[in-house]
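# Structural features, examined
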2 protein chains.
Amino acid sequence: METLADVGEFGLIRRIRTLLEERGGRDAGLIVGAGDDAAAMTPRSGYDLLVTCDAMVEGRHFLRDIMSPVQIGRRAMTMNISDIGAMGGFPRWALVSMGLELGAAAEDVLDLYRGFLEELNPLGAVIAGGNITRSGDGAFIDITLIGEVERGRMVRRSGAREGDAILVSGWPGQAAAGLDLLAHARGDGEAPEAFPLLQAYRTPAHRVREGRAIAGTGLANAMIDISDGLLGDLGHICEESRAGAEVQEDALPVSESLRWAARGSGEDPSSLVTRDSDDYELIVTCAPMHVDALRAAVARVSEVPVTRIGWITDAAGRLDLVRADGTRSTFERRGWDHFSDPRARG
Amino acid sequence: METLADVGEFGLIRRIRTLLEERGGRDAGLIVGAGDDAAAMTPRSGYDLLVTCDAMVEGRHFLRDIMSPVQIGRRAMTMNISDIGAMGGFPRWALVSMGLELGAAAEDVLDLYRGFLEELNPLGAVIAGGNITRSGDGAFIDITLIGEVERGRMVRRSGAREGDAILVSGWPGQAAAGLDLLAHARGDGEAPEAFPLLQAYRTPAHRVREGRAIAGTGLANAMIDISDGLLGDLGHICEESRAGAEVQEDALPVSESLRWAARGSGEDPSSLVTRDSDDYELIVTCAPMHVDALRAAVARVSEVPVTRIGWITDAAGRLDLVRADGTRSTFERRGWDHFSDPRARG
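Residues numbered from 1 in each chain as written. Chains lettered and ligands numbered in written order. Predicted model: local features only at pLDDT ≥ 70, side-chain atom pairs only at ≥ 80, totals over all residues. Heavy atoms only, no water.

### Description of helix H4 (residues 174-184) of chain B
All names here are of chain B.
- Residues of H4 that are buried include every one of Gln-174, Ala-175, Ala-176, Ala-177, Gly-178, Leu-181 and Leu-182, and no others.
- On its buried face, H4 is in contact with helix H2 (69-85), helix H5 (194-202) and helix H8 (256-265).
- Ala-185 occupies a position one or two residues after H4 and carries a positive phi of about 45°. (Buried < 20%, exposed > 50% of the residue type's maximum accessible area, 1.4 Å probe, protein only. Helix = DSSP H or I, 4+ residues; strand = E, 2+ residues; numbered from the N terminus. Contact = heavy atoms within 4.5 Å.)

The structure is reproduced here in structure tokens:
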């Protein structure tokens with residue numbers, strides 16, 4: 001096995017450049033890619049830029065014993081694509097910065113890039129540059145993704161209004177349930193019900209097409225992707241919009257797999273849906289009269305379900321989960337705090 | 001001392017946002033800064049984008065016992081500003097991604113941001129967003145900087161032509177000499193001659209104004225900043241331009257401080273100028289007839305000297321250092337390889 005110590009930084013960069021030339025796709029807007037002081041590109045007129053960056057740290061955001069390098073690469077890129085999609089935009093240019101240990105296998109690093117490209121290629125986006133350095137203890141992958149959105153079409157977190165319907169795509173909570181299975185390795189990961197959960201964790205789907213369709217209607221007031229859990233990210237919308245929210249427990253989308261996982265762990269299915277989980281699904285708010293139009297717009301590009309789960313209130317900062325019997329739990333909004341252990345959550 | 005474990009990620013982010021609101025400057029093109037899925041900005045029409053990212057890893061690229069957090073922040077931002085300047089552009093929007101240990105002092109993190117702003121504010125550039133996560137062992141700072149350059153004005157590494165004059169700004173090698181003084185702590189760091197060397201390492205200057213002036217003439221064929229040493233980066237120009245270079249030893253700019261350091265260490269002054277050193281000076285090539293015009297353009301914005309040190313040849317990949325007595329050393333071009341120890345250098 002060749003390591004970075006064997007091939008050197010420049011040797012590794014040459015292999016990455018060869019991989020990108022062969023499989024990295026083309027972008028008419030890219031003037032200078034890797035191999036100069038900076039990448040250079042021509043932005044499209046009539047569009048605004050969207051820029052996001054997210055870092056994954058080994059041992060914290062990914063574990064090499066439960067995910068392959070290709071899967072880690074896909075997940076890292078999906079996180080960033082999802083952020084661009086949640087603004088209504090589409091990704092164009094990625095910069096990849098990595099810190100690697102001297103003993104890292106060169107082929108594993110190339111596999112990370114193969115993972116990046118598996119996500120970027122179908123969207124016509126490219127890797128425009130990056131940086132590789134040696135890290136002390138454990139690797140990190142830090143991706144900056146630049147996208148574009150038609151001027152005036154961007155959907156922010158801060159636009160939710162009292163009375164808005166709250167919609168969510170897909171099956172939130174599946175990624176966390178998948179991680180639970182992997183972490184406990186109890187053997188129930190072999191069950192057919194486990195597969196969608198494992199997949200949701202290992203190779204989550206972004207909703208960039210759905211986000212584009214939603215932004216394209218001009219009807220959404222607020223949008224966010226779920227990287228801190230359904231309630232956590234709904235809380236972000238409430239905070240930025242200075243609003244509150246009521247969520248109907250019996251309206252929450254619970255997949256068959258999640259119901260199976262809840263039976264296994266003895267937990268309440270709805271708590272599995274709402275807790276910390278990075279699913280990269282979308283939460284959207286819009287005036288109730290526009291719900292059908294938004295759903296129809298998504299249905300034209302995707303088979304992902306869109307579920308109405310509640311409404312925006314004027315009770316700023318307050319998040320209520322209302323049960324079928326009329327009782328309610330009031331949650332204090334708190335995002336997943338990477339520095340607080342245990343994870344505090346209302 | 002409050003640590004990140006005390007204030008939490010969101011607590012820290014709130015403090016950073018307050019600092020940025022108070023001291024972060026304004027940018028008319030920035031539509032969405034921190035606090036949404038992605039930052040959003042309107043690029044100027046008639047300009048191309050320049051994007052660079054560089055990571056600094058604790059213990060490898062910075063040491064907390066020889067630099068203050070403000071100095072570390074300034075240095076990290078200067079590295080990136082320098083890359084934008086070396087393409088002829090100007091910086092506009094920075095994204096800062098950091099991995100921090102749980103025990104890091106919150107005030108030190110804010111000091112890093114104060115350092116970033118000390119470099120960005122005078123240029124009218126702003127911090128548009130970022131990401132904070134917990135790292136295991138040692139911190140990392142990864143900055144992505146987005147700049148703009150007038151369409152058609154960008155200066156690449158790859159445009160050097162046979163017969164071009166090679167110019168260099170300032171006093172290359174001073175940063176490495178400063179680091180030597182700090183690393184050995186022999187007490188000679190107290191001498192007045194040491195000050196420029198220590199400053200070159202701790203708070204290096206970027207040459208973005210000089211780079212803008214050079215690009216504005218339209219006369220430069222190639223440009224690069226010095227982050228791998230004078231010969232290392234001249235080698236990058238040669239490689240990308242498929243050319244060679246001859247450098248006259250007695251033309252190399254040797255500062256009084258560097259001459260003093262050479263006396264102290266018993267080394268050859270010219271080897272201190274040419275070796276690995278990240279000085280963020282510029283190397284420029286142009287047709288000999290344009291040397292005076294380039295120098296005059298720089299002199300209008302800066303007092304930094306511009307020294308002619310040699311010429312571009314057609315001997316692809318070959319770099320010759322020619323001494324006053326006519327003898328020459330031929331160097332194999334090799335950049336500083338972060339993964340190869342000891343640092344191999346021709």
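The structure having been displayed, the exposition proceeds.
### Focus on the relation of the copies chain B and chain A
- Mapping chain B onto chain A is achieved by rotating through 180° and translating by 0.0 Å along the same axis, at an RMSD of 0.0 Å. Both copies are brought into coincidence by an operation consistent with a two-fold rotation axis. Of every C-alpha in chain B, the one belonging to Asp137(B) sits nearest the axis of rotation, 2.9 Å from it.
- An overlap of 99% is found between the interface residues of chain B and their copies at the interface of chain A, pointing to a shared contact surface. (Least-squares fit on C-alpha atoms with pLDDT ≥ 70 in both.)

### Some points on the sheet that holds strand E5 (residues 126-134) of chain B
- The 6 strands are arranged E1(A)-E2(A)-E3(B)-E6(B)-E4(B)-E5(B) in an open sheet whose pairing can be described as mixed. The open sheet has two free edges, formed respectively by strand E1 (30-32) of chain A together with E5 of chain B, since each of these has just one partner strand. Taken over all neighbouring pairs, the strand axes of this sheet differ in orientation by 20° on average, direction set aside.
- Here strand E2 (residues 39-41) of chain A runs beside strand E3 (residues 47-57) of chain B; their pairing, made up of 3 bridges, is antiparallel. If you follow Met41(A) over to E3(B), its bridge partner there is Leu49(B).
- In this fold H2(B) packs onto E3, strand E4 (90-100) and strand E6 (140-150) of chain B, with an angle of close to 145° to the strand it touches most, E3(B).
- Relative to E4(B), helix H3 (residues 106-120) of chain B is tilted by about 165°, and along the sheet it contacts E4, E5 and E6 of chain B. (Pairing = 2+ DSSP bridges. Axes fitted to C-alpha atoms, helices over the stretch in contact; angles between N-to-C directions.)

### Re the packing of helix H2 (residues 69-85) of chain A against helix H3 (residues 106-120) of chain A
Residues and elements named next belong to chain A.
- The interhelical angle for the contact between H2 and H3, taken along N-to-C directions, is 40°, at an axis separation of 7 Å. If you check the angle between H2 and H3, you find them oblique. Along this stretch, H2 crosses H3, giving a crossing that reads as right-handed. When H2 is examined against H3, the residues Pro-69, Val-70, Ile-72, Gly-73, Arg-74, Ala-76, Met-77, Thr-78 and Ile-81 are found in contact with a partner set consisting of Asp-108, Asp-111, Leu-112, Gly-115, Phe-116, Glu-118, Glu-119 and Leu-120.
- By residue class, the composition of the contact of H2 with H3 is 9 nonpolar, 3 polar and 5 charged. (Parallel < 35°, antiparallel > 145°, perpendicular 65-115°, else oblique. Left-handed = near helix turned anticlockwise from the far one by under 90°. Nonpolar A, V, L, I, M, F, W, Y, C, P; charged D, E, K, R; others polar.)

### What to know about the sheet that holds strand E2 (residues 39-41) of chain B
- Taken in spatial order, the 6 strands of this open sheet run E5(A)-E4(A)-E6(A)-E3(A)-E2(B)-E1(B), and their pairing is mixed. Of all the strands in the sheet, the pair left with one neighbour each is strand E5 (126-134) of chain A together with strand E1 (30-32) of chain B. Geometrically, the sheet is characterised by an average inter-axis angle of 20° between neighbouring strands, direction not taken into account.
- Packed onto the sheet, helix H1 (residues 4-23) of chain A meets strand E4 (90-100) and E5 of chain A and runs at close to 175° relative to E5(A).
- Contacts from H3(A) reach E4, E5 and strand E6 (140-150) of chain A, with the element oriented near 165° to E4(A).

### Quick notes on the packing of aromatic side chains
- Counted according to the given criterion, the structure contains 5 aromatic pairs over all chains.
- Centroid distance Tyr47(A) to Phe90(A): 6.0 Å. Interplanar angle 85°. Geometry classified as edge-to-face. Remark: Phe90(A) occurs in strand E4 and Tyr47(A) occurs in strand E3 (residues 47-57); sequence separation between them is 43 residues. We note that Tyr47(A), like Phe90(A), is buried.
- When the centroid spacing of 3.8 Å and the interplanar angle of 5° are considered together, the rings of Phe140(A) and Phe140(B) count as stacked. In this pair, Phe140(A) is assigned in strand E6 and Phe140(B) in strand E6, connecting two distinct chains. (Phe/Tyr/Trp six-rings, centres within 6.5 Å; stacked < 30°, edge-to-face > 60°.)

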